[in-house]
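Notes for the structure review
The lines below spell out each chain.
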Amino acid sequence: IPAGTEICLNYGNFPNEKFLLIYGFVVKGNPNNAIQLYAPLQPADPFYAIKVQIMTQYCDAKATADGNDDDVGEPSVIPIDPNQPHLLTKATPLPMKLIKILRIMGIQTEEGLNQVLQLISSNIEAAATFDAPLSRENEISALSSLSHALQTMARQLALNLISDDNLKAAAGGSNPLGVLISQQLQREGRLLQSIRESDGDGDNDDDGAENDNDMGGAIDQTARHRTNLENVKELCRSEYEILQLAIADITSRMEKLEP
């Protein structure tokens, strides 16, 4: 490499959430944007043990070599981990793995559980994927609960996009987005503090120059804060779009269940 040649760094194919948390920037139109959605099975569930067994041993997810839920290429079968997050993307806003998990989680009676166990014992190949609804009631329950959760997330994102004040308010919340914003603002604050301390190392007897530096620092801080908010807004916009696609998918599935 010749001296003076610019060397570029490939940050990798990551969603904006990771770019923002680690590097402090976002990529507009990032095709790798994703929402991590956790749907863990609660230990208090009366059928917790058997449901975990069904999920991990009988409910397999079909995935291609690149790890995406689709029908392209030769699929390999991998077990579902009920405690791992589900990735919602523009390409796959409603992963089949998530639907399968919710179907099993939605079994509320011993009779319903026995019916699933009978299905597994009578035809393991059909039961292994849980591609079809277990029942109309179960499917409505699973989709309704998921729709409510996603719509709540979408409303919060929409509110955050309205104004900077809402973004600042979200930074103090306990929701995942609020934690993300809070962490990013704290990171920017530490960076600004280190810059101010660095600028203050040398004594300057010129009061006029010192005042200019103070004003310049204030302008720089405002610019950084504005950039930070715009980055978070871009993240909100991309996640909102994914949520709207997922909600539309759920609505379509619900309409097909109408008698």
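Details of the structure are given in the entry above.
We now turn to the structure provided with this report. (Residues numbered from 1 in each chain as written. Predicted model: local features only at pLDDT ≥ 70, side-chain atom pairs only at ≥ 80, totals over all residues. Heavy atoms only, no water.)

Brief notes about the overall build of the protein
For the protein, the helix and strand inventory stands at nine helices and four strands. Counting from the amino terminus, the protein carries its helices and strands in the arrangement α-β-α-β-β-β-α-α-α-α-α-α-α. Split into buried and exposed, the 259 residues of the protein put 33% on the buried side. Considering only contacts in the protein between residues 6 or more positions apart, those separated by 24 or more positions represent 71%. Total accessible area computed for the protein in this model is approximately 15500 Å², and 53% of it derives from carbon and sulfur atoms. (Helix = DSSP H or I, 4+ residues; strand = E, 2+ residues; numbered from the N terminus. Buried < 20%, exposed > 50% of the residue type's maximum accessible area, 1.4 Å probe, protein only. Contact = heavy atoms within 4.5 Å. Areas by Shrake-Rupley, 256 points an atom, 1.4 Å probe, with all protein chains shown as cover.)

Points about helix α3 (residues 96-105)
Most of α3 is tucked away: eight of the 10 residues are buried. For α3, the set of buried residues is L98, I99, K100, I101, L102, R103, I104 and M105.

Considering the packing of aromatic side chains
Applying the stated criterion across every chain yields a total of seven aromatic pairs. Between the aromatic rings of F14 and F19, the centroid separation amounts to 6.2 Å while the plane-to-plane angle is 85 degrees, which identifies the pairing as edge-to-face. Above the ring of F14, the side-chain terminus of K18 is found at 3.8 Å from the ring centroid. (Phe/Tyr/Trp six-rings, centres within 6.5 Å; stacked < 30°, edge-to-face > 60°. Lys NZ or Arg CZ within 6 Å of the ring centre and 35° of its normal.)

Comments concerning a nonpolar patch on the surface
Judged by side-chain polarity, L9, Y11, L21, I22 and Y23 come together as a nonpolar surface patch covering roughly 460 Å² of accessible area. By the element assignment, L9 lies in the segment before α1 (16-22). Residue class for L9 comes out exposed when judged on its relative accessible area of 63%. (Patch = residues over 30% accessible without salt bridge, like charges linked within 9 Å, V, L, I, M, F, W, Y side chains within 5 Å. Salt bridge = Lys/Arg side-chain N within 4 Å of Asp/Glu carboxyl O.)

Considerations on the nonpolar core
By size, the foremost hydrophobic cluster in this structure holds 37 residues, and its most contacted members are I54, L88, L98, L102, L146 and L150. At the level of elements, β1 (35-37), α2 (48-58), α3, α4 (110-122), α6 (136-162) and α9 (207-256) are the ones that each hand at least two residues to this core. When residues in this core are grouped by element, the largest group, eight residues, is from α9. Once you skip the residues sitting within four places of it in the chain, L98 turns out to touch L37, A39, H86, L88 and L146. (Core = buried A, V, L, I, M, F, W, Y, C linked by side-chain atoms within 4.5 Å.)

Overview of the environment of L94
Considering the arrangement of structural elements, one finds L94 in the loop between β4 (86-88) and α3. On a C-alpha basis, the gap between L94 and L245 in space is 8.2 Å, while along the polypeptide they are 151 residues apart. Setting aside residues up to four positions removed in sequence, L94 forms contacts with I99, L146, A246, D249, I250 and R253.

Comments concerning α4
The first and last C-alpha atoms of α4 sit 18 Å apart over 13 residues, in line with the 18 Å expected at 1.5 Å per residue. Regarding α4, the residues found buried are G112, L113, V116 and I120. All buried residues of α4 project into a common sector of 100 degrees when viewed along the axis, lining one side. Residues of α4 that are exposed and angled more than 90 degrees away from the buried face: E110, E111, Q118, S121 and S122. (Expected span 1.5 Å × (residues − 1). Arc of directions from axis to C-beta.)

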